[in-house]
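Listed here are the chains, written in short residue letters.
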Amino acid sequence: MKNRALLYTDDTDNLTALVHCLIKHGCEILSAGQTGKLLADADIAYTAVSVFDDSPRTFGDYEAMLQSLVTSGRQNEFGRSDETGAIRLVCINLEPVSHARKNYKSLDSVADKIDMRALSFIQAACKNYKNILILTDPVDYEEAIVKIETQSISEAFRLYLAAKAFNMISACTAAAGNAILQQAGDKSYPRYFMLPYKKSEELINKEQSHRSACLYTLLHGGALDSLRKNQGGELLYSLYVNIDAVWESLSNFSALLKKPPTVTERDDNGNEIEMRFTPAAGSVFTCSSKHGIPVSAALGSNCTESFQKMSACRKAFLENAVAGFSAVVDENAANELLKSNLAAVVAPDFTAGAKTLLAERKDIRLITMSTPATISYNIRSLNGGLIVEEDKVTLFDSWKVVTKARPTQIQADEAAFAQLVLLGAKHDAAAVIGNMTTIGMCCAALAPADACFAAINRAANNMQSEPAKSTAPVETLVSASALPFDKGFERFIKSGIRLILQPGGTDTDSEFIKFCDEHGIAMVFTDDEAVYRTGSTSSAENAEALNPSRE
């Protein structure tokens, strides 16, 4: 009796060693597609099969293969006496993305591209795992070879491999489902949240040694696919978190500030007023992150100026942080980086001269990335569940000037810049902006007012330091969260704040607007629904409060 093995793989790593082992033990190899071509190129004899061809003429062969997989080694159960040519090993691996992210023509159906036959073979083999060895991960080939050679294949090992096979099947079907929903234009949250992430590497978490971590990535999708390390040590858990945060901010800059949108509002007479922001296409954006939250950011005419402005205000906080540039880093910027204690620098590229200079600092990882960060959901694990949150990558839901004073063009541009930076903040956050630089910022407060006070205090301290001194006024305060009025906001006046931008929508909005009008401060609300959430007053009173007379 000659046993057979069915081989059909997207990932052909380590495959030939497995095949040689099987042939040595008298196994007939059945194969097709690129796996068959690999075997032919290696002068390895195999039997070509048509069972993977999705056509009516091969359905009989497909049905016979399924029956063989289910019944191999179980002839007594099924009343069969002939076990000639029984399938004893199935080696099938499929990359989920290859089925979900192909370049389909407009009339093609995603469903027609799913390799259902291969998936059904794996499922049938899993049903019969006690008699069929199932390999879906090249990592397991070496151990399988050893166990075949030593005739020590245990039932526990077979079950373990079957579990990995089910894992791959679920990833393939999840990818197919997501692709079909995307092609259909469905943007709602799916009933079951399943995405085909693949294990990339286990990570070291030096900051929290009691925790283990592993990086999973989407195949051929997302910004991480373009990450390249040019120099430096290994990428730890914290570095991946910060690199991702920095690259997302750089991507948002390209999408939102290089060609900023025009926002409109209506005046007291119902006339539309356009607010146009100054495009930043000719500027270089530099930002930094630590623990996954923004540290500082700046706009400059070149990489050197932008980095100098950014680092001047938060130099102590940049220890072991990650910095990012929206442009290619040149030699002048590299000289500034040599003075820093950064853990990594992210940029589209580095000039040859910059790489030569930075080679002196092997402790600074040089990271290049090219694919924009477009995947905008965040996942938070709960004990027994997940919260999936999707970010709206927009600067403002709306732009409503609710005070008599209106922002100047410079103040409006600074507010847009701050809003961009604070998109990366996950908690109550605020920033004080001057000269297109985060002069003061707080991104992890327990209340919006606390974030504003902390940002103002840090701005005051930074303005006293020699590197941060500037003749440009520091007048713009942006709160990422709705800001209830506080009598302590007298400090805003003493600090020279002339524009406050916030979502609005608290019970104290009317009182806050009155305070700003009394002191000549402009205030802008960015929440579309803020007008409906101003306490217990009527809609007419709300409208009057949010659009006071500007006589």
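Scroll up a little and you will see the structure.
Described below are features of the structure shown in this document. Source: prediction; values computed, not measured. (Residues numbered from 1 in each chain as written. Predicted model: local features only at pLDDT ≥ 70, side-chain atom pairs only at ≥ 80, totals over all residues. Heavy atoms only, no water.)

Here we take up helix 8 (residues 155-183). With 29 residues, helix 8 extends 42 Å between its outermost C-alpha atoms, agreeing within 8% with the 42 Å of an ideal straight helix rising 1.5 Å per residue. Among the residues trailing helix 8, G185 stands out with phi positive, at a value near 80°. (Helix = DSSP H or I, 4+ residues; strand = E, 2+ residues; numbered from the N terminus. Expected span 1.5 Å × (residues − 1).)

Let us look at the pairing of strand 15 (residues 365-368). Here is the key point about a regular strand: its side chains alternate between the two faces of the sheet. On strand 15, burial covers both faces: R365 and I367 on one face and L366 and T368 on the other are all buried. Two strands pair when backbone bridges link them, and strand 8 (residues 228-231) and strand 15 are joined in this way by 3 bridges, in the antiparallel orientation. Within strand 15, the residue paired with R228 across the bridge is T368. In terms of strand pairing, strand 14 (residues 344-347) meets strand 15 through 4 bridges, oriented parallel. For V346, the partnering residue across the bridge sits in strand 15 and is I367. Considered for its hand, the β-α-β crossover made up of strand 14, helix 12 (residues 352-358) and strand 15 is right-handed. (Buried < 20%, exposed > 50% of the residue type's maximum accessible area, 1.4 Å probe, protein only. Pairing = 2+ DSSP bridges. Right-handed = clockwise from strand over helix to strand, strands pointing away.)

It is worth spelling out the state of the cysteines at this point. Covalent bonding between the sulfur atoms of two cysteines defines a disulfide. Within this structure, the stated rule accounts for 0 disulfides. This cysteine, C443, is not joined by any disulfide, and C442 carries the nearest cysteine sulfur, 6.7 Å off. A relative accessible area of 5% places C443 in the buried class. (Disulfide = S-S within 2.5 Å.)

Let us now look at the nonpolar core. Within the largest apolar cluster, 52 residues are counted, with the highest numbers of intra-cluster contacts made by I243, F285 and W399. Among the nonpolar cores identified, the runner-up in size contains 30 residues, and V402, V474, F485 and C516 belong to it. (Core = buried A, V, L, I, M, F, W, Y, C linked by side-chain atoms within 4.5 Å.)

What follows deals with the sheet that holds strand 1 (residues 4-9). Ordered in space as 3-2-1-4-5, the 5 strands form an open sheet in which the pairing is parallel. Each of the sheet's edge strands pairs with one partner strand only, and the pair in question is strand 3 (47-48) and strand 5 (133-135). Here helix 1 (residues 15-24) sits on the sheet and contacts strand 1, strand 2 (28-31), strand 4 (87-93) and strand 5; the angle it forms with strand 1, its principal contact strand, is near 170°. Where helix 8 meets the sheet, it contacts strand 4 and strand 5, and its direction lies at approximately 40° from that of strand 5. (Contact = heavy atoms within 4.5 Å. Axes fitted to C-alpha atoms, helices over the stretch in contact; angles between N-to-C directions.)

What follows concerns the pairing of strand 19 (residues 428-434). Summarising burial for strand 19: 7 of the 7 residues are buried, a large majority. Of the two faces of strand 19, the one holding D428, A430, V432 and G434 and the one holding A429, A431 and I433 are both buried throughout. Remark: 2 residues form the turn of the hairpin made by strand 19 and strand 20 (residues 437-445), two consecutive strands paired antiparallel; N435 in that turn has positive phi of roughly 55°. Taken together, the 5 bridges between strand 19 and strand 21 (residues 474-479) define a ladder with antiparallel strand orientation. Looking at the pairing, A430 lines up with S479 of strand 21.

Running from N to C, helix 3 (residues 59-71) and helix 6 (residues 116-127) cross one another at 20°; their axes reach a closest spacing of 8 Å. What the angle tells us is that helix 3 and helix 6 run roughly parallel. The crossing of helix 3 and helix 6 is right-handed. Between helix 3 and helix 6, the contacting residues are F59, Y62, M65, L66, L69 and V70 on the first element and R117, S120, F121, A124 and A125 on the second. Tallied by class, the residues present in the contact of helix 3 with helix 6 amount to 9 nonpolar, 1 polar and 1 charged. (Parallel < 35°, antiparallel > 145°, perpendicular 65-115°, else oblique. Left-handed = near helix turned anticlockwise from the far one by under 90°. Nonpolar A, V, L, I, M, F, W, Y, C, P; charged D, E, K, R; others polar.)

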